[in-house]
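In case you want the letters, here they are:
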Amino acid sequence: MKRGFLISLLVLLLMVPLYSAGDFSISFTGNYLSPSDDDYKKTYGSGVFYPELKLGYEIAGNFSLWAGFGILSAKGNTPILEAEAKSSQKLMSFGVGYNGDFSRKLGYKVELGAVYFSYKEEAMEVEVTGSAFGFRADAGIIFNITGTFFAELTVGYISAGDTVTLEGEDEDIKFGGVKGGIGLGIRF
């Protein structure tokens, strides 16, 4: 149900430019995430890189709708037993944004939205999978290279949580954290 809703929303966002004369954009951003979960940091390190593809559509004035998809994967070792561990997360997000201009070449954006994490973690022959909903907030500086191409620097915060049962005990896990990114994009 959740997956179907997100896929439908993404398809709608992709189809909007076909039926209107609005401002459509596609950007690719390389992000560095500082995880908010202490156990995750102990296993995989204090920061991980993840790429994200984002689609945007200006709906009215400076307001826009956007949808994004990112993939995060990391390898590490468990803290005590030093066993190999692997983590993968898929982030699907959507929301609203506001874009403004400081000048013709320099602008800014502020975005708020929801995020859906699909995750899988493997360590010591145990596999944990699941999903969680959360929120995200981003802000960025936009450099207009030409009327069509742009570069951006972004900062943001992503947060979601879930509870998993390991060996009969419930354990709370957190996803996301503080992130920063550098991206390139194109407007249609």
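Our subject is the structure listed above.
Summarised in this report is the structure supplied together with it. Throughout this description, residue numbers start from 1 for each chain and increase along the sequence as written. Predicted model: local features are reported for residues with pLDDT of at least 70 only, side-chain atom pairs are reported and counted for 80 or more only, and whole-chain, interface and lining totals are derived from all residues. Each side-chain value is derived from all of the structure's non-hydrogen atoms; neither hydrogens nor water enter the calculation.

**Concerning the nonpolar core**
In globular proteins that are soluble, nonpolar side chains generally tend to be buried together.
Thought 1: Buried residues of nine kinds, namely Ala, Val, Leu, Ile, Met, Phe, Trp, Tyr and Cys, make up a nonpolar core once their side-chain atoms join them within 4.5 Å. Partly exposed describes any residue whose relative accessible area lies between the buried limit of under 20% and the exposed limit of over 50%, with all areas from a 1.4 Å probe on protein chains only and scaled to the type maximum. In this structure, L72, L91, F117 and F175 are the most contacted members of the largest nonpolar core, which totals 20 residues.
Thought 2: Of all the secondary-structure elements, those providing two or more residues to this core are α2 (38–44), β2 (48–60), β3 (63–77), β4 (84–101), β5 (106–123), β6 (126–144), β7 (149–166) and β8 (169–187). Only DSSP runs of H or I with at least four residues qualify as helices, and only runs of E with at least two residues qualify as strands; both kinds are numbered from the N terminus onward.

**Overview of the pattern of salt bridges**
Thought 1: The working definition used for a salt bridge is a side-chain nitrogen of Lys or Arg within 4 Å of a carboxyl oxygen of Asp or Glu. One pass over the full model with this rule turns up 7 salt bridges.
Thought 2: When the shortest N-O distance is used, the salt bridge between E52 and R136 registers 2.7 Å. Within this pair, whereas E52 is found in strand β2, its partner R136 is found in strand β6, the two being separated by 84 residues in sequence. One exposure class covers both E52 and R136, and it is buried.
Thought 3: Put simply, E122 and K120 hold a salt bridge, and the shortest N to O gap is 4.0 Å.
Thought 4: Given the relative accessible area of 33%, K120 is considered partly exposed.
Thought 5: A cluster of three or more residues bridged by salt bridges with shared partners is formed by E52, R136, D138 and K179.

**Things to note about the side chain of N31**
Thought 1: Examined against the element boundaries, N31 turns out to sit in strand β1 (residues 24–35).
Thought 2: What qualifies as a polar contact is a pair of N or O atoms within 3.5 Å, subject to a donor-acceptor requirement within protein and to the restriction that residues adjacent in sequence count only when both atoms come from side chains. A polar side-chain atom of N31 sits 3.4 Å from a polar atom in the side chain of K179.
Thought 3: With residues up to four places along the chain from it excluded, the contact list for N31 reads V48, F49, Y50, E52, T154, K179, G180 and G181. Residues are treated as being in contact if the distance between any of their heavy atoms lies within 4.5 Å.

**Some details on the environment of I141**
Thought 1: Residue placement: I141 occurs in strand β6.
Thought 2: On the basis of relative accessible area, I141 is assigned to the partly exposed category, the value being 31%.
Thought 3: Remark: the alpha-carbon pair of I141 and D101, spanning 40 residues in sequence, is separated by 9.5 Å.
Thought 4: Those residues within four positions of I141 in sequence are excluded, and the remaining contacts are F102, L106, G107, Y108, A151, E152 and L153.

**Brief notes about the packing of aromatic side chains**
Thought 1: Only the six-membered ring of Trp is used, alongside the rings of Phe and Tyr, when aromatic pairs are assigned; centres must lie within 6.5 Å, and planes under 30 degrees apart are stacked while those over 60 apart are edge-to-face, with the rest tilted. Within the structure shown, the criterion is met by 9 aromatic pairs.
Thought 2: Relative to F175, the ring of Y119 lies with its centre 4.6 Å away and its plane at 35°, an arrangement referred to as tilted. In this pair, Y119 sits in strand β5 while F175 sits in strand β8, placing the two residues 56 residues apart along the sequence. Assigned by exposure class, Y119 and F175 land together as buried.
Thought 3: Counting every residue linked through ring pairs, the aromatic cluster contains F63, Y98, F102 and Y108.

**Section: the pairing of β1**
Thought 1: At least two DSSP bridges between two strands are needed for those strands to be called paired. Bridge analysis of β1 against β2 gives 10 bridges, and the strand direction is antiparallel. Each residue of the ladder has a partner; that of T29, found in β2, is E52.
Thought 2: Strand direction decides the pairing type here: β1 and β8, joined by 11 bridges, are antiparallel. The residue bridging G30 from the neighbouring strand is I182, located in β8.

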